[in-house]
Amino acid sequence: MRIGKYLAAGIAFCIVVPLLSACGRQQVDVPEKIQVGVAAYNQSDTFIGELVSCLKQQLEGVGESGYEVTMMVRDAAGSQRTQDDQVKELIDLGCNVLCVNLVDRADPSEIIDLARSSNVPIIFFNREPVAEDMMQWDRLYYVGADARQSGEMQGELVVDAIQADEAMDRNRDGKIQYVVLEGELGHQDAVIRTESAVEALKGHGVELEKLGFGTANWDRAQAQNRMQQLISQYPNQIELVIANNDAMALGAIDAYGKLNYTESALPVFFGIDGTGAGLEAVIDGQLSGTVYNDKEGQAAAMAGLAVAAVTGTGMDKIEFENEKYIFLPYHKVTQGNVRDFLYWGK
């Protein structure tokens, strides 16, 4: 179950060790410092905050191996204009590799132009640019996960729950009445996660009736507000809540708590990402399941790729898809295995 993490961690190891040996023999001219600039779309996003923390740990490990490594983080707080300015600042401060979590995945051109003019490679993460933009320069990379896989796994978790408990169909009409909490208008993960989860359910013969949806921008508080609106529209009718991430699933649970619903009247809730709070909610039985987004593996892959991109050594040891992409697998999380993931990176 931890194979993905160890493979990704091995990327950094395989790059750093040979490089250090070469440095000792003075056969390779490498920069004195690896200065990593991280541009996050919004660090109040729980998963992004956890991923950036994991990256910091991975880079500290590289530093302990003999490199002088620095990491500077900037938070765009949801503004692409701000992020463009922050990327320029990071380059001006001497960063020789960038890790960019785009605010607007369809608008990376200014960031790419800034980096290319200074010959600073970019590792995009979590928010995948469109393919055409990734082809603008040969020093652009992406590290993330397959959103379709996360949606399919979420749908399969719901199928398992329905098969294990026929009482999920509370009104016994042969259909599951559900609502969706979507992450963000136009975000590829939000669209794909929703579509693939529903397709997985239908593919397993589950009869569904969609009551409504709300866009909550990956945010717990916004999800609580959207869920309260949905509850007022469909009181006692909602049997299933599918959320594009754990934060929104927890916001939906908060909404029912604020309205003092009894446990027997609650729908079942499913999230994606396996954040710390999401995993604790699975342990407590509030969240019926989630899909683990391997932040440790992604951080290890980013750290290894950053070293290779700066030094020019070790790139041949990285297994890319289409020469630019590194994808880490998702994993299903239930009460039966949740503790494995709670301590995954520890």
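Keep in mind that this is a model prediction, so the values were computed, not measured.

Cut-offs used in this document
- Residues numbered from 1 in each chain as written.
- Predicted model: local features only at pLDDT ≥ 70, side-chain atom pairs only at ≥ 80, totals over all residues.
- Heavy atoms only, no water.
- Phe/Tyr/Trp six-rings, centres within 6.5 Å; stacked < 30°, edge-to-face > 60°.
- Buried < 20%, exposed > 50% of the residue type's maximum accessible area, 1.4 Å probe, protein only.
- Helix = DSSP H or I, 4+ residues; strand = E, 2+ residues; numbered from the N terminus.
- pLDDT = per-residue confidence, 0-100.
- Contact = heavy atoms within 4.5 Å.
- Axes fitted to C-alpha atoms, helices over the stretch in contact; angles between N-to-C directions.
- Left-handed = near helix turned anticlockwise from the far one by under 90°.
- Nonpolar A, V, L, I, M, F, W, Y, C, P; charged D, E, K, R; others polar.
- Pairing = 2+ DSSP bridges.
- Right-handed = clockwise from strand over helix to strand, strands pointing away.
- 1 Å grid on protein atoms, 1.4 Å probe; cavity = no way out; pocket = protein on both sides within 12 Å on 5 of 7 lines; lining within 4 Å.
- Points joined across faces, edges and corners; volume = space filled by probe spheres on them.

**Considerations on the packing of aromatic side chains**
Under the counting rule described, the total for this entry stands at seven aromatic pairs. A ring pair is formed by tyrosine 256 and tyrosine 261, whose centres lie 5.0 Å apart and whose planes are at 85 degrees; its orientation type is edge-to-face. Judged by relative accessible area, which is 22%, tyrosine 261 ranks as partly exposed. An angle of 40 degrees between the planes, with centres 5.1 Å apart, marks the rings of tyrosine 292 and phenylalanine 341 as tilted. Here tyrosine 292 is found in strand β10 (residues 290–293), whereas its partner phenylalanine 341 is found in helix α12 (residues 338–342), with 49 residues between them in sequence. Accessibility classification places tyrosine 292 together with phenylalanine 341 in one group, the buried group.

**Some remarks on the confidence of the model for the chain**
Here the chain shows a mean pLDDT of 91. Residues at 70 or above account for 90%. Between residues 1–28, whose pLDDT stays under 50, and residues either more than four places distant or in other chains, the model counts 52 contacts.

**So, the packing of helix α6 (residues 147–164) against helix α7 (residues 188–203)**
Relative to each other, α6 and α7 sit at 35 degrees, their axes nearing to 7 Å. As for how α6 packs across α7, the hand of that crossing is right-handed. For the pair formed by α6 and α7, the contact residues are Ala147, Arg148, Ser150, Gly151, Glu152, Gln154, Gly155, Glu156, Val158, Val159 and Ile162 on the first element and Asp189, Ile192, Arg193, Ser196, Ala197, Glu199, Ala200 and Leu201 on the second. Class assignment of the residues belonging to the contact of α6 with α7 gives a composition of eight nonpolar, five polar and six charged.

**Examining the pairing of strand β2 (residues 68–75)**
Relative to β2, strand β1 (residues 33–40) is paired through eight bridges, and the arrangement is parallel. Paired with valine 38 across the strands is valine 73, a residue of β2. The parallel pair β1 and β2 is bridged by helix α2 (residues 46–64), and the resulting crossover is right-handed.

**Focus on the sheet that holds strand β5 (residues 140–144)**
If you trace the six strands from one edge of the open sheet to the other, you get β2-β1-β3-β4-β5-β11, paired in parallel fashion. Each edge of the sheet is formed by a strand with only one pairing partner; in this case those strands are β2 and β11 (325–327). Across the sheet, the mean angle separating the axes of adjacent strands is 20 degrees when strand polarity is ignored. Judged from the three bridges that link them, β5 and β11 form a sheet pairing that is parallel. What sits directly across from valine 143, in β11, is isoleucine 326. Strand contacts of α2: β1, β2, β3 (97–100) and β4 (122–125), with the helix running at about 165 degrees to β2, the strand carrying the most contacts. Running at roughly 170 degrees to β1, helix α3 (residues 80–92) makes contact with β1, β2 and β3 of the sheet.

**Focus: the layout of surface pockets**
If you roll a probe as big as a water molecule over the atoms, it shows you where there is empty space left. One number sums up the size of the largest pocket: a volume of about 450 Å³. Taken together, 20 residues form the lining of the largest pocket, with Glu263, Leu266, Pro267, Val268 and Ser288 sitting closest to its centre. Counting residues per element, the ones that place at least two in the lining of the largest pocket are α6, α9 (246–258) and β9 (268–270). Here the element with the most residues in the lining of the largest pocket is α9; it accounts for three residues. Residues that form the lining of the largest pocket fall into these classes: eleven nonpolar, five polar and four charged.

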